[in-house]
Structures are given as C-alpha cells and as structure tokens.
Amino acid sequence: MFFLSEIEYKLLINRILPLARENPVDPSLRGWNWYTPPLKPDYDVKIPMFLVCSKYCPTGRDAYLYMVERRRGTINEKIALGAAIHATVRKAITSFLRGEEIDFDEWYEETLIAKSVRHRFTGVKERSRIVWEFVLTRCRSRFMDAMSRQPYASMESIMATALPFLIEHRISGELLGLSGLLTIDCYDYLRNIIFDIKVSEEEHEWYRLFPTGYALVLESVYEVPVDVGCIVYVKFKGERLTIKRDLFYINDDLRSWWAEERDQKTRLIAMKMDPGIPKNCFKDCMYKEICRGKE
C-alpha cells in the first residue's frame, strides 16, 4: 500500500520536493503555530478529524448530528469494507514487523468489524483476504530485497529501512482543536510522507484534507515540517485489487482549506446550529436515513 512505484518516486524527487523548496509553506500555516491565527481554534470545541475533513454532506449536517444530537449513522457496506481494509492493512504490516505468523481467518473472525457485518456483507471478508495477501507479499519482497543489498546490517536495521512505516500512529490533536487520540494510517519516517487509505471507486479533491490535517497535527506536536501527503485509493474490479496513489505537496491552499473546514464545523457545533438537509445527499451517507427517512 505504502511502497512508491519507480514513477511515483521520480515524481516525489523531481517535482513535489523541489516545489516545496521553491514555494515554502507560510510559517503561520505550520502546525507548530497552533496558538496563533489562522490555526488557532476559534471555539473551545474538540472535533474528530473525520468530521473536519469529510465533505460527504454539503451542509456539514453530519457534524451537527454527531456532535450535538449525538446521533450515530447506519453502517453500510461501503463503511464496513473501509473499516475492514484499514484493520487488515494495519494487522498485516504490524505482524510482519514483529515477525509474527498470523492466520488470517482466525484473526478476522475476532475483529469487531467481522462480528458486526459478517451476516450482512458477505463480500467484505474475501476482499480483506485479497488485501492481506497483497500486503504481506509486498512486505516480504521489500524485506528480502533490502536484506540482499545489506549483508552486514542487522535484521532490525534492515526492517527499519525496508519498511520505514509508523502504522496507525496515535497522536493528540488537541492543540488544533481536535478530539482524542488521532490515528494516522501510515507515516513514512524516512521520506516524511503522510499516507491515508481510501477504499473508494470515486476520487475526490477533498480527500487530501486528511493527510493535510495529520501533517498539521504532527507539526504541532513534534515541530518538524511535513510537506508531502498521499491518498492511497484501494479499489476492486471483481476479485482484482487495484491501487492508485495520489501524491501531493501539502501547500498553503490545502492548509488554509483545512483550517476553514475546522472553523466552520466547530462553529456549527458550538452554536448548536442545524445547517439543514442538503438538496442532494451522498448515496452512501451514514446519516441518509436519519435526515430523509427511507425514501
């Protein structure tokens, strides 16, 4: 999932990183300046990252329902598959890093997502299995390649350079007005890239807000610049898995957009303002039945 292809690596080295050097981020939009505008939160409200970044609801009513009315949406197949794929990638990579041999079927049956959806969404498990095998195959290949080129390195050193990933790193976003411990899908600590997985056939520009938000949080806590983000699109064509990566510079525009989304949604929550039902709803919105009933 998180290994760049040869072309993507060239794009990173020859386009994205030079762009970041030639057009550096405005200091006021670095996460370590969380205590001054425009990053300073306007309201004393703590909001989850997914509500800040999600643009599934045009009016932001999902944020109002979740935070003010404490309503929880309905898990549909798209949500279930996304949760299962995230859990699968996390477990496959972390077990490989630890040298553990995990049986997929035994592990899957014990996961929360499996227990909640096994009778409703039968295709979720098999698609998760495909991802499990893909990820482990890629990890083994990278590790063996690195080991063949480093005859005097320790196994720990080889692992750290072959798979330089912090998987689902937990970090506090409270300095930027975010709630609880956030979970980053993957942080490549050698190339300084934030990865975020999206199990989606559709590609949206606003998906880039997720890596942008996590970059700001990392900067606010560790005070190191993070300039590169990547959306990993996981798609299925029948039983065939396809992966597409959207690699980009986390520039001023994205950072400002993220701050505006946070401020807009925290205002709705602080003022308890129901923004109303949009004219058109996203077909897989978790709150569609709550807002419109069973049309």
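Here the structure is a predicted model, which means the values were calculated and not measured. (Residues numbered from 1 in each chain as written. Predicted model: local features only at pLDDT ≥ 70, side-chain atom pairs only at ≥ 80, totals over all residues. Heavy atoms only, no water.)

A.B. asks: For helix α4 (residues 77-98), give the residues involved together with the corresponding values.
C.D. replies: In this model α4 runs 31 Å from its N-terminal to its C-terminal C-alpha over 22 residues, within 8% of the 32 Å that 1.5 Å per residue would give. For α4, the side-chain oxygen to backbone nitrogen distance between the N-cap and Lys-78 is 3.2 Å, and the N-cap itself is Asn-76. Following α4 by one or two positions, Gly-99 has its phi on the positive side, about 75°. (Helix = DSSP H or I, 4+ residues; strand = E, 2+ residues; numbered from the N terminus. Expected span 1.5 Å × (residues − 1). Polar contact = N/O pair within 3.5 Å; in protein donor to acceptor, adjacent residues only side chain to side chain.)

A.B. asks: Please give an account of the nonpolar core that cites residues and values.
C.D. replies: In terms of nonpolar packing, the biggest core is built from 49 residues, with Phe-2, Val-89, Leu-163 and Val-234 touching the most fellow members. Broken down by element, the residue count for this core peaks at 9 residues, all from α4. With sequence-adjacent residues up to four places away left out, Leu-163 is seen in contact with Phe-3, Ile-93, Phe-96, Leu-97, Cys-139 and Tyr-189. Membership of the second largest hydrophobic core comes to 41 residues, among which are Ile-47, Cys-53, Val-226 and Cys-285. (Core = buried A, V, L, I, M, F, W, Y, C linked by side-chain atoms within 4.5 Å. Buried < 20%, exposed > 50% of the residue type's maximum accessible area, 1.4 Å probe, protein only. Contact = heavy atoms within 4.5 Å.)

A.B. asks: Summarise the packing of helix α7 (residues 123-149) against helix α8 (residues 155-162); cite the residues concerned and give the values.
C.D. replies: Put simply, α7 and α8 touch, their axes get as near as 9 Å, and they point 125° apart. It follows that α7 is oblique to α8 by the angle criterion. Where α7 crosses over α8, the handedness of that crossing is right-handed. Here α7 contributes Arg-142, Phe-143, Ala-146 and Met-147 to the contact with α8, which in turn contributes Met-155, Ile-158, Met-159 and Ala-162. (Axes fitted to C-alpha atoms, helices over the stretch in contact; angles between N-to-C directions. Parallel < 35°, antiparallel > 145°, perpendicular 65-115°, else oblique. Left-handed = near helix turned anticlockwise from the far one by under 90°.)

A.B. asks: Hey, could you go over the sheet that holds strand β1 (residues 165-172) for me, with residue numbers and the actual values?
C.D. replies: Spatially, the 5 strands line up as an open sheet ordered β1-β2-β3-β4-β5, and their pairing is mixed. Strands with a single pairing partner mark the edges of an open sheet, and in this sheet they are β1 and β5 (240-249). Here the strands of the sheet are splayed against their neighbours by 35° on average, with no regard to which way each runs. In terms of strand pairing, strand β2 (residues 181-188) meets strand β3 (residues 193-199) through 3 bridges, oriented antiparallel. By the bridge assignment for β3, Tyr-187 is matched with Ile-194. Against the sheet, α7 touches β4 (228-237) and β5, its axis set at about 65° to β5. (Pairing = 2+ DSSP bridges.)

A.B. asks: So what about the pattern of salt bridges? Which residues, and what values?
C.D. replies: For the coordinates displayed, the defined rule picks out 24 salt bridges. Glu-261 is paired through a salt bridge with Lys-265; the nearest N and O atoms lie 3.6 Å apart. Placement of the pair is Glu-261 and Lys-265 together in helix α10 (residues 252-271), with a separation of 4 residues, close to one helical turn. For the pair shown, Glu-261 and Lys-265 are each scored as buried. Each member of the salt-bridge network shares a partner with another, and the members are Asp-105, Glu-109, Lys-125, Glu-126 and Arg-129. (Salt bridge = Lys/Arg side-chain N within 4 Å of Asp/Glu carboxyl O.)

Note that all results are geometric; they support no functional claim without further evidence.
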